[in-house]
Structures are given as C-alpha cells and as structure tokens.
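Listed below are the residues making up each chain.
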Amino acid sequence: MALRDSRAEAENRNGKTVKVPEGLWLKCNGCGEILYKKEIERNLYVCRKCRYHFRINARVRLSIVLDEGTFKEYDNTLKPSDPLKFEDLKVYSVRIKESWKASSSKDAVICGEGLIKRKRVLIGAFEFGFMGGSMGSVVGEKITRLFERGLDENHPVIIISSSGGARMQEGILSLMQMAKTSAAVARLKERGVPYISILTDPTTGGVTASFAMLGDLIIAEPKALIGFAGPRVIEQTIRQSLPDGFQRSEYLLEHGMVDLIVDRKDMRDTLSKVLDLLVPEVPAKSARGSSRSKKSPHAPN
Ligand SMILES: [Zn+2]
C-alpha cells in the first residue's frame, strides 16, 4: 500500500528510529506528527496540521473524484510481457508478478470512465505502487486508447499522473510510449476535445516529458514533486545548487508550468466546475451504459 510506503520512507528520510505502531497510526512526512490513521482516511489522506498530501493508490484516487459506484474500467486484461528478457537485480518477469500480488492492477495505470457530479468523463489514474508508476508498453497503450476513445466519443479525458517515468526494463519500447501518447494528445487538440492533466506526487521522467505536461489544463496537488530528472542529477550536471522548492508544484505554478494547485478535498468540485466551463453540454447519462458508438451532443461534426 502506498501509505505504508510513505510511512517507511518518512522514517528513512528523517533517519529516526521512532516506532510507529502498526495499523492504527501514521507519521506525517510533512510535519512529523503522529496521526490516527482513521482520521487521516476521513480527511482523504491529507494531514490536518500541515496539509501534507499522502500518496494514495489509483482506486482511492478515482473514488475521491468520481460519483460513487460509477467507475467502469477499460482494458483491465492488458498485461505486460518481457520482450527484452530484461534482468537487473531481478528478472523483469519476476518483478511483474510481485507487483501483481502487491497491487489491484495488472499494470501501473487504471483507465476507464465515470461520472463527476453526473458529468461523464474518461479517466485514468496511475498506480505508483506498481513499479513506481512507470510507463511501459501497457501503460502507454492504455493511455493512448483512453485518448482515442475521447476522440471517438468527443468526451473530455482526465489523467491523474504519479510516475517515476519510463520503465527501463522495456528499454526503447517504453521510450516509444512518450511519442505515442503525445501524438494521441495532439489529435485530441486538433479536434478540440478537452484533456485535463492532474499531477500528483511524484510525476517525473518520461511521463512529465510527454502527455502529463500537455494538458489543456494542468492541475497539481500541493507540494507534489514534478520534474524530469531528479534534483541531484541536475545539480551535478549544472554544478550549481538549486533554489528552494525547485520542482515542487508551487514553484512550477510561479514559473507558468502548472495552471492551478488544488487541494485533494477540492479536486472533485474543481473538476466539475472546469467541465462545466469547457463542455457545458456533457450529458448527465449513466456511466454504465457505454456510448462508444454514439456521438455526444456537443460533437463538432
Ligand atoms: Zn503534517
């Protein structure tokens, strides 16, 4: 679980040996406060003291923004293969099987459709717990299919990113997904179909360098790490120290890379308002009845 990872990281980062009781309590990575887990869950996994946004898994994310019970998953049978027979510390095929056991998904993104305040959207959310949300062939294909469905049906697409970048175990095949997904976004833009990109902690590497930064609207969660290479690599390359807050949402907003920073508790309302502005005629139909063959009323042709 992402929360367990966050907690372990907090302990490592601070180098402290504070023991947090299993199950009931969490240590905030932002302020170090020991928090009651149930209370954090009630607050959408955000610290009430310092607004630190814990990493959450894809299904929790979707449940926070979508109307209850409206999510319908697409392409959930697509599974990664190991065409390069890649091996680093572990064989790639073994890593994949371990990730299947630890995650509720067959790869690092979950795509589908659902309703936001009765407005239908096509939506994908990254599963950071699955190999660091890395983008290999399956992730690229699922994202591209979602964009293409948006194009076919003239429906807005939302992608919630949380990724370490391209999946090195798939070599060039993973790098090709950057071009493939970006080309699909370009086709959406040509047709004027809205695409909203939501960046959460962390969004880095090949995902940042492709579709995640190509949204018509780019929204970030507070203090999310967003960048291409990590700060240490950049410092070593340019031989200068980086400014405070570099590669965080607030810095990117100040420098025009992000349009809005939205707290998790406000994300659903914000998306609903944006959808009203961008596509006021989004039909309030059931997400359960697919309309792949039908044109929505606001189709331009
Ligand atoms: Zn805190």
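Analysis parameters
- Residues numbered from 1 in each chain as written.
- Predicted model: local features only at pLDDT ≥ 70, side-chain atom pairs only at ≥ 80, totals over all residues.
- Helix = DSSP H or I, 4+ residues; strand = E, 2+ residues; numbered from the N terminus.
- Buried ≥ 20, exposed ≤ 12 C-beta atoms within 10 Å, placed from the backbone.
- Contact = placed C-beta atoms within 7 Å.
- Pairing = 2+ DSSP bridges.
- Right-handed = clockwise from strand over helix to strand, strands pointing away.
- Axes fitted to C-alpha atoms, helices over the stretch in contact; angles between N-to-C directions.
- Core = buried A, V, L, I, M, F, W, Y, C linked by C-beta atoms within 7 Å.
- Expected span 1.5 Å × (residues − 1).
- Arc of directions from axis to C-beta.
- pLDDT = per-residue confidence, 0-100.

K.L.:
Please explain the overall build of the chain as it appears in this structure.
P.N.:
The helix and strand inventory of the chain stands at 10 helices and 9 strands. Of all 301 residues assigned to the chain, the portion counted as buried reaches 43%. A sequence separation of at least 24 residues applies to 67% of the contacts in the chain between residues at least 6 apart.

K.L.:
I would appreciate a short explanation of the pairing of strand S6 (residues 157–163) in the present structure.
P.N.:
In summary, the side chains of a regular strand alternate between the two faces of the sheet. Of all the 7 residues making up S6, 7 are buried; the element is thus mostly covered by neighbouring parts of the structure. Judged by which residues are buried, S6 turns out to be covered on both faces: Val 157, Ile 159, Ser 161 and Ser 163 on one side and Ile 158, Ile 160 and Ser 162 on the other are all buried. Bridge count between strand S5 (residues 119–126) and S6: 4 bridges; the pairing is parallel. Residue pairing in the sheet places Gly 124 in a bridge with Ile 159 of S6. Running through helix H5 (residues 137–153), the crossover from S5 to the neighbouring parallel element S6 is right-handed. As paired elements, S6 and strand S7 (residues 195–203) share 6 bridges and run parallel to each other. Considered in S7, the bridge of Ile 159 is made with Ser 197. This β-α-β element, S6 to helix H6 (residues 171–191) to S7, shows right-handed connectivity.

K.L.:
Got a minute to help me understand the sheet that holds S7 in this structure?
P.N.:
Ordered in space as S3-S4-S5-S6-S7-S8-S9, the 7 strands form an open sheet in which the pairing is mixed. Looking along the sheet, the strands with just one partner apiece sit at the ends: strand S3 (72–74) and strand S9 (260–261). In the packing of helix H10 (residues 264–278) onto the sheet, the strands contacted are strand S4 (109–116), S5, S6, S7 and strand S8 (217–220), and the crossing angle to S4 comes to about 70 degrees.

K.L.:
What should I look at first to understand unusual backbone geometry in this one?
P.N.:
The general pattern is negative phi for most residues beyond glycine and trans for most peptide bonds. Residues Asp 201 and Pro 202 are joined by a peptide bond in cis, for which omega reads -10 degrees. The residue Pro 202 is located in strand S7 in this model. Unlike most non-glycine residues, Tyr 45 shows phi in positive territory, near 60 degrees. If you trace the backbone, Tyr 45 turns up in the loop between helix H2 (37–42) and helix H3 (58–65). Despite not being glycine, Asp 75 has its phi angle at roughly 50 degrees, a positive value.

K.L.:
Is there a simple way to think about the nonpolar core in this case?
P.N.:
Nonpolar side chains in soluble globular proteins tend to end up buried together. Counting 54 residues, the largest nonpolar core has Val 157, Ile 158, Leu 199 and Leu 271 as its most contacted members. Not counting residues up to four positions away in its chain, the partners in contact with Leu 271 are Val 65, Ile 116, Ile 158 and Ile 196.

K.L.:
Just checking my understanding: could you explain H6 for this structure?
P.N.:
Residues three or four positions apart in an α-helix share a direction because the helix packs 3.6 residues into each turn. Under the 1.5 Å per step criterion, the end-to-end length of H6 is 32 Å for 21 residues, consistent within 8% with the ideal 30 Å. Next to the buried residues of H6 lie H5, S6, S7 and helix H7 (205–208).

K.L.:
Is there a simple way to explain H3 in this structure?
P.N.:
When H3 is considered as a whole, its buried residues turn out to be Ala 58, Arg 61 and Val 65. Looking straight down H3, one finds its buried side chains confined to an arc of 60 degrees; they lie on one side.

K.L.:
What is the right way to read the environment of Gly 32 from this model?
P.N.:
Its location among the elements puts Gly 32 in the loop between strand S1 (25–27) and strand S2 (34–36). Sequence separation between Gly 32 and Cys 50 is 18 residues; the distance between their C-alpha atoms is 9.6 Å.

K.L.:
What is the right way to read the confidence of the model for the chain from this model?
P.N.:
Low-pLDDT portions of the prediction should not be read for the details of their coordinates. The share of residues in the chain with pLDDT of 70 or more is 85%, and the mean pLDDT across the chain is 89. Within the model, the stretch residues 1–18 combines pLDDT values under 50 with 25 contacts to residues more than four positions away or in other chains. In this model residues 286–301 is a low-confidence stretch, pLDDT under 50, and it forms 24 contacts with partners more than four residues away in sequence or in other chains.

K.L.:
Please clarify how the environment of Asp 67 should be interpreted in this entry.
P.N.:
Note that Asp 67 resides in the loop between H3 and S3. What makes Asp 67 partly exposed here is the crowd of 17 C-beta atoms within 10 Å. With residues up to four places along the chain from it excluded, the contact list for Asp 67 reads Gly 114, Leu 115, Ile 116, Lys 117 and Arg 118.

K.L.:
Sorry, what's going on with the environment of Gly 136 here?
P.N.:
Note on placement: Gly 136 falls in the loop between S5 and H5. By C-beta crowding, Gly 136 is classed as buried, having 24 other C-beta atoms within 10 Å. With 29 residues separating them in the primary sequence, Gly 136 and Asp 107 have C-alpha atoms 8.8 Å apart.

K.L.:
Whenever I open this one, the pairing of S5 confuses me. Can you help?
P.N.:
Of all 8 residues in S5, 8 are buried; the element is thus mostly enclosed. On S5, burial covers both faces: Lys 119, Val 121, Ile 123 and Ala 125 on one face and Arg 120, Leu 122, Gly 124 and Phe 126 on the other are all buried. Across 8 bridges, S4 lies against S5 in antiparallel orientation. Across the sheet, residue Gly 112 finds its bridge partner in S5, namely Ile 123. As consecutive antiparallel partners, S4 and S5 are separated by 2 residues, and within that stretch Lys 117 has a phi angle of approximately 50 degrees, a positive value.

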